[in-house]
Amino acid sequence: MASRDSDYGAFMEKFVLQPSSSAHQLPLSGLTFAIKDIFDVDGHVTGFGNPDWARTHSAATSTAPAVLAVLSGGATSIGKTIMDEMAYSINGENKHYGTPTNPWAPDRVPGGSSSGSAVAVGAKLVDFSLGTDTGGSVRVPASYCGIFGFRPSHGSVSTAGVIPMAQSFDTVGWFAWDPKILNRVGRVLLQLPDDASLVRPSRVIFAEDCLQLSSIPSDQITQGLVKSVEKLFGGHIVENVILGDYVKDKVPSLQHFIGEGNKEPEYSIPSLAALSSARGLLLRYEFKNNHGDWVTTVKPDLGPGISEAVWEAVRTSAENIDVCQSVKTELRAALSALLGDYGILVIPTVPGPPPKLQMDPSALEVFHAQAFSLLSIAVVSGFCQVSIPLGLHDNLPVAISLLAKHGSDGFLLNLVETLHDTLKEELQE
């Protein structure tokens, strides 16, 4: 492995995988990429961010279809990247292998669990990278590292050959520093025609209450996007919504998770906090089914914060799991009705800039609670979401997210590419 100075500590293992064909007209020809250490690569142990996992598992005997797809598209892999242990954090700190250095803010976390994959792109060591996003593990590090990150519609990209975390939410996502590359990679992974034609958005809906969760003034997050949309499509499609109220009205099963007799803290949106609770319960239950036996048998050495979360998952019962499934169904229907075929929902990716390295977990509690309220919207609905970098605020990366309904990935990728030049101009003014 190269020194941290040259690779920002992003890589777990360096190796080269060449494209399966040398034809120059392939969509990803000439591009390099990195692979999160959760994907199987033939002949390599899939380490899952933890040395005890690597020690107790054999080398893979085949390569994950998502990796094969981008290789077949003409891209060259240069290795595997560091990740959070068992994909169970959004910070990106790994006590065993080191924490990849955030290229924009070296004293801040890079975001996880796809930390190395985001850093490799943010530092321009590769053109794009593959990660996974179950609770936020592509969108968060993309935001923290100042790059584009895409979580596709749930079930749209094969997760075969990827260590599962929670199958109800697992997705294969990707990072790029350029929206054209983001789109090209997406079309290969999603098996979409190479068509950059734009379908005009019918509505661009700003979630006012979600934007108010951010520590960055909402005007600074939204102004450039609003002006870009007005220039390209007209101001008549810009709308506002109080998303928490809408979700509370349209997702009755959430009542099982709201408040539970306690007054909701002032910093939260009660219905979205409840959404996060439902997501967390189902995630822990499925993680336990996937890995509980291994955890209780091996008793792996896990880092601070991750150890507590993993053991909490192992102790999870099946109570209220059926209600979680009802929440998923109701939320997808509710948001599909809100957005229609070509509507876009606008929220902050996360509630602020990346936290400092090795922060006390209790100090991060409110930030993480707010973050998961935002992140859970796409997770539970299965909608696609893209995190778009907006430059720096107080010298720290800032991002905004666009969501589109399940199955609208190609539309969303084209929209981001179309918006990019105008948005860039607006941000520079």
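Use the structure listed above.
This one's a predicted model, so the numbers in the text were calculated from it and none came from an experiment.

Participant: Could you give an account of the nonpolar core, with specific residues and numbers?
Facilitator: In terms of nonpolar packing, the biggest core is built from 113 residues, with F39, F128, W174, L243, L345, I377 and L402 touching the most fellow members. The dominant element in this core, judged by the number of residues it contributes, is helix α10 (residues 270–298), at 10 residues. Residues within four places of F39 in sequence aside, it is in contact with T46, A64, A66, V67, K80, L130, G131, T132, G161, V162 and V172. Judged by nonpolar contacts, the second largest core, of 13 residues, contains A10, F11, A118 and V126.

Participant: Pulling in residues and values, what's your account of the layout of surface pockets?
Facilitator: In this model, the second largest pocket occupies a volume close to 520 Å³. Residue lining of the second largest pocket: 21 residues in total, with G146, P389, G391, H420 and K424 positioned closest to the centre. Breaking the lining of the second largest pocket down by element, the ones donating at least two residues are α4 (115–122), β10 (384–393) and α14 (409–428). Among the residues forming the lining of the second largest pocket, the class breakdown is 13 nonpolar, five polar and three charged.

Participant: Can you lay out the pairing of strand β4 (residues 128–132) for me, pointing to particular residues and giving the numbers?
Facilitator: Extensive coverage of β4 is indicated by the burial of five of its five residues. Along β4, one buried face is formed by F128, L130 and T132 and the opposite face, lined by S129 and G131, is buried too. Note that β4 and strand β6 (residues 172–176) share five bridges and pair antiparallel. Paired with G131 across the bridge in β6 is G173.

Participant: Lay out the side chain of N91 with the relevant residues and their values.
Facilitator: Secondary-structure assignment places N91 in the loop between β3 (76–81) and α4. At a separation of 3.3 Å, a polar atom in the side chain of N91 contacts the side chain of H368. Non-local contacts of N91, meaning those with residues more than four positions away in its chain, are made with D84, V109, P110, G111, G112, L364 and H368.

Participant: Any chance you could break down the pattern of salt bridges for me, citing the residues and the numbers?
Facilitator: This structure, assessed with the given rule, holds 10 salt bridges. In this structure, the salt-bridge partner of R139 is D133, at a minimum N-O distance of 2.9 Å. Both residues of the pair, R139 and D133, belong to the buried class. A salt bridge links K231 to E426; its shortest N-O distance comes to 2.8 Å. Taken together, the positions of K231 in helix α8 (residues 218–233) and E426 in helix α14 put the pair 195 residues apart, joining distant regions of the chain. The class of K231 is exposed, set by a relative accessible area of 53%. Judged by relative accessible area, which is 9%, E426 ranks as buried.

Participant: Now, about the sheet that holds β3: what can you tell me, with residues and values included?
Facilitator: Across the sheet, 11 strands lie side by side as β1-β3-β2-β4-β6-β5-β10-β11-β9-β7-β8; this open sheet has mixed pairing. With partners counted over all chains shown, the strands left at the sheet margins are β1 (11–17) and β8 (238–241), one partner each. The average angle at which neighbouring strand axes cross in this sheet is 25°, direction not considered. Here strand β2 (residues 32–36) pairs with β4 via three bridges, running parallel. Opposite A34, over in β4, you have S129 as the bridge partner.

Participant: Lay out the side chain of S117 in plain terms, naming residues and giving numbers.
Facilitator: With respect to the helices and strands, the residue S117 is situated in helix α4. Exposure remark for S117: the relative accessible area of 0% places this residue in the buried category. Within the local environment of S117, its side chain forms a polar contact with the side chain of T81, the two groups lying 2.8 Å apart. Setting aside residues up to four positions removed in sequence, S117 forms contacts with I35, K36, T81, I82, S129, L130 and F175.

Rules behind the numbers
Each chain has its residues counted from 1, running along the sequence as written. Where local features are concerned, this predicted model is filtered to residues with pLDDT of at least 70; where side-chain atom pairs are given and counted, the filter is 80 or more; whole-chain, interface and lining totals use all residues. With hydrogens and water stripped out, all remaining heavy atoms of the structure feed into the side-chain values. Buried Ala, Val, Leu, Ile, Met, Phe, Trp, Tyr and Cys residues that are joined via side-chain atoms within 4.5 Å together make up what is termed a nonpolar core. Under the scheme applied here, a residue whose accessible area is under 20% of the maximum for its type counts as buried, over 50% as exposed, and between as partly exposed, the area being computed with a 1.4 Å probe on protein chains only. In DSSP terms, a helix is any run of H or I states spanning at least four residues, a strand is any run of E spanning at least two, and both are numbered starting from the N terminus. Contact criterion: two residues are considered in contact whenever any of their non-hydrogen atoms come within 4.5 Å of each other. Method remark: on a 1 Å grid restricted to protein atoms, a set of points is classed as a cavity if a 1.4 Å probe fits but cannot get out and as a pocket if it is open with protein on both sides within 12 Å along at least five of seven lines; lining residues have an atom within 4 Å of a point. Grid points are joined across faces, edges and corners, and a volume is the space filled by probe spheres set on the points. Just so you know the grouping, Ala, Val, Leu, Ile, Met, Phe, Trp, Tyr, Cys and Pro go in nonpolar, Asp, Glu, Lys and Arg go in charged, and all remaining residues, Gly too, go in polar. At least two bridges found by DSSP between two strands are what make those strands a pair. Two N or O atoms form a polar contact when they lie within 3.5 Å of each other; inside protein one atom must be a possible hydrogen donor and the other a possible acceptor, and for residues adjacent in sequence the pair counts only when both atoms belong to side chains. What counts as a salt bridge is simple: a side-chain nitrogen of Lys or Arg found within 4 Å of a carboxyl oxygen of Asp or Glu. Every axis corresponds to a line fitted to the C-alpha atoms, with the helix fit spanning only the stretch in contact, and the corresponding angles, defined between N-to-C directions, vary from 0 to 180 degrees.

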